[in-house]
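Structural characterization, general
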Amino acid sequence: MEYLLFPLIIGVLSFISGMLGLGVAFISTPVLGLFGFDLKHVIMPWSLLLNGLTAISSAVAFSRSKMVDWRTAVPLLAITTLVAPFGVWILQFVPTNIVWWIYVGVLLFLAYRMAFAPKQDDSQTTNITDKTRVKGGLLSVVIGVFAGFLGVGPGFLLMPSLVMLGYTARIAAATNSVIVTLPSFSAFIAHLADAQFDWVMIGVTSAAAMTGAYLGGTFTAKRVKSRTLTRIFAVALVLLAIQRVIILLSVQ
């Protein structure tokens, strides 16, 4: 039964993440936690693997629709991957609890900006200048360090940041899907030595995740307007902030 239930759950969650140009870990981690799996040895490596696979699948869907801004995606992919270890290094010097509260504040700020983002015209080609790409690169340094410090993916912060820089939400989501792929797999490799997998489950959920994410990316590319996407993303940011607040309050 579980070999039918979990692929179905992961497939649905991956469709949602694919729509947003994100890996599925942000939602699969808390959902899998409801079933009593061990967080460190099962959920984290499992979710990180699915995160990378869903990011790749949605990136393929967006790329086929010619929505990825590769001149932004490739440099930001390299930057976030390279600077993440610096975030891990400074972890020893800064109280983690304080930074998590800052993270919650940033999520709520970005949610507000996404909910009330200026109207975007998807019929017009987004005019992305090199100056804008440089700004995105500078932001990605901060976001990459921040994400490495907290052990979270950079996608939730990068996508709305790109929108604030002038990218349409659809182009930002498509570009973001490429950026989050490599960090997901590098984090998965770091957890692999301690992972405890049911490889049949890994196989069936991976297939479901890739299919769901591809369909989600295709759905956004063909049917979802940027205005709708920003509102969906704003809700996701608020829910993520609420989840983190609950965790922070429960450990105090």
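Heads up: the structure comes first, above all this text.
Residues numbered from 1 in each chain as written. Predicted model: local features only at pLDDT ≥ 70, side-chain atom pairs only at ≥ 80, totals over all residues. Heavy atoms only, no water.

**Some thoughts on the overall build of the protein chain**
Counting its regular elements, the protein chain contains 11 helices and 0 strands. Counted from the first residue to the last, the protein chain has its helices and strands arranged as α-α-α-α-α-α-α-α-α-α-α. A globule of 252 residues ought to have a C-alpha radius of gyration of about 18 Å, and the protein chain, at 17 Å, matches this closely. When the backbone C-alpha atoms are referred to their principal axes, the protein chain occupies close to 45 × 45 × 30 Å. Within the protein chain, the fraction of its 252 residues that count as buried is 49%. Restricting the contact set of the protein chain to residue pairs at least 6 apart, pairs at least 24 apart contribute 86%. A total accessible area of about 12300 Å² is found for the protein chain, and carbon and sulfur atoms account for 70% of it. Averaged over its 16 positive side-chain charges, the protein chain has a centre that lies 14 Å from the centre of its 8 negative ones. (Helix = DSSP H or I, 4+ residues; strand = E, 2+ residues; numbered from the N terminus. Rg over C-alpha atoms; globule rule 2.2 N^0.38 Å. Buried < 20%, exposed > 50% of the residue type's maximum accessible area, 1.4 Å probe, protein only. Contact = heavy atoms within 4.5 Å. Areas by Shrake-Rupley, 256 points an atom, 1.4 Å probe, with all protein chains shown as cover. Lys, Arg positive; Asp, Glu negative; His and termini not counted. Charge placed at Lys NZ, Arg CZ, Asp CG, Glu CD.)

**Points about helix α1 (residues 2–20)**
Along its 19 residues, α1 runs 27 Å from first to last C-alpha, staying within 8% of the 27 Å computed at 1.5 Å per residue. For α1, the set of buried residues is Phe6, Pro7, Ile9, Ile10, Gly11, Leu13, Ser14, Ser17, Gly18, Met19 and Leu20. At its buried positions, α1 is contacted by α2 (25–33), α3 (39–64), α7 (155–164), α8 (169–179), α10 (199–223) and α11 (226–250). Two residues or fewer after α1 comes glycine 21, characterised by a positive phi angle close to 75°. (Expected span 1.5 Å × (residues − 1).)

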